[in-house]
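Report on the structure
Next come the chains, spelled out residue by residue.
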Amino acid sequence: MTAHQERMSDHWWWRPGWSVGRRFYTWHLTFDGQSDVHRFADAYRRALAPAGGLDLIPDRWLHLTMQGIGFIDEVPEDVVEEITKAAAQRLAALPAFGVTFHAPVIDPEAILVPVQPAEPVRALRSTIRGAMGDVLADVPEQAEGFLPHVSIGYSNSDGPTAPYAEAIASADVPPAKALITHADLIVIHRDNRMYEWTTLAQVPLG
């Protein structure tokens with residue numbers, strides 16, 4: 001993530017394994033009922049919309065990507081149930097915590113808002129990975145290099161970043177605060193040029 005990208009590229013190319021209709025088990029943090037996050041996101045959606053070239057994310061689909069499990073046709077349901085049980089036991093030992101969102105930055109494929117402080121989110125992800133390791137021989141995805149963020153919009157075309165940088169710089173949006181009280185196990189897809197999901201479980205912290 002950087003504020004100095006010069007070009008945007010289309011986010012919606014098909015990553016390996018993904019296709020229309022395919023679903024994926026993953027852990028996210030979501031923001032239902034977090035009115036301050038919604039206020040913040042709406043202000044930046046309004047600022048960015050005139051620039052075009054973005055699929056701006058509505059409040060319903062705002063999320064913080066945490067940790068994937070696998071495609072639903074590759075991971076048995078009973079394995080997912082065991083992971084959920086293990087996560088419930090481990091997350092019970094973590095307290096709820098607050099995070100803050102400041103101004104977005106420009107990524108080649110998205111407008112992102114880094115989460116501050118990042119350390120509690122990283123600790124939560126590590127705990128989820130530990131729960132997965134209680135069940136799986138190999139936990140997918142890398143443990144290192146995780147940069148907690150929430151996206152405001154995804155690029156749907158190739159073009160310069162300058163209009164987005166100008167929109168962000170000209171917006172006068174106070175920071176937002178969120179309280180993280182649970183992690184969501186979801187089934188996600190990207191069929192409609194948006195990450196949309198069904199929630200399987202909300203696992204509480206503390």
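Not measured: the values here are computed from a predicted model.

Strand order in the open sheet formed by 4 strands is E4-E2-E11-E12, and the pairing between neighbours is antiparallel. With one partner strand each, in any of the chains shown, strand E4 (63-71) and strand E12 (196-204) form the two edges of the open sheet. The average undirected angle you get between the axes of adjacent strands in this sheet is 25°. In terms of strand pairing, strand E2 (residues 24-30) meets E4 through 7 bridges, oriented antiparallel. By the bridge assignment, tryptophan 27 is partnered in E4 with glutamine 67. Helix-sheet contacts for helix H2 (residues 77-91) involve E2, E4, strand E11 (182-189) and E12, and the interaxial angle to E12 is about 45°.

With that settled, the discussion passes to the environment of arginine 90. Summarising the element assignment, arginine 90 is placed in helix H2. Under the relative-accessibility criterion, arginine 90 is labelled partly exposed at 37%. Here arginine 90 is in contact with Thr127, Gly130, Ala131 and Asp134, once residues within four sequence places are set aside.

About the thresholds
For every chain, the first residue of its written sequence is number 1, and the numbers climb from 1 along that sequence. Since the coordinates come from a predicted model, pLDDT governs what is reported: local features require at least 70, and pairs of side-chain atoms require 80 or more to be given and counted, while whole-chain, interface and lining totals use all residues. As a rule here, side-chain values come from all non-hydrogen atoms in the structure, and water together with hydrogens is ignored. Being paired, for any two strands, means DSSP has found at least two bridges between them. Secondary structure is summarised from DSSP: a helix means a run of H or I of at least four residues, a strand means a run of E of at least two, and numbering begins at the N terminus for each. Only the stretch in contact is used when fitting a helix axis, every axis being a line fitted to C-alpha atoms; angles between N-to-C directions are given from 0 to 180 degrees. Contact definition: two residues touch when any of their heavy atoms are within 4.5 Å. Exposure classes here rest on a 1.4 Å probe applied to the protein chains alone. A residue is buried below 20% of its type maximum, exposed above 50%, and partly exposed in between.

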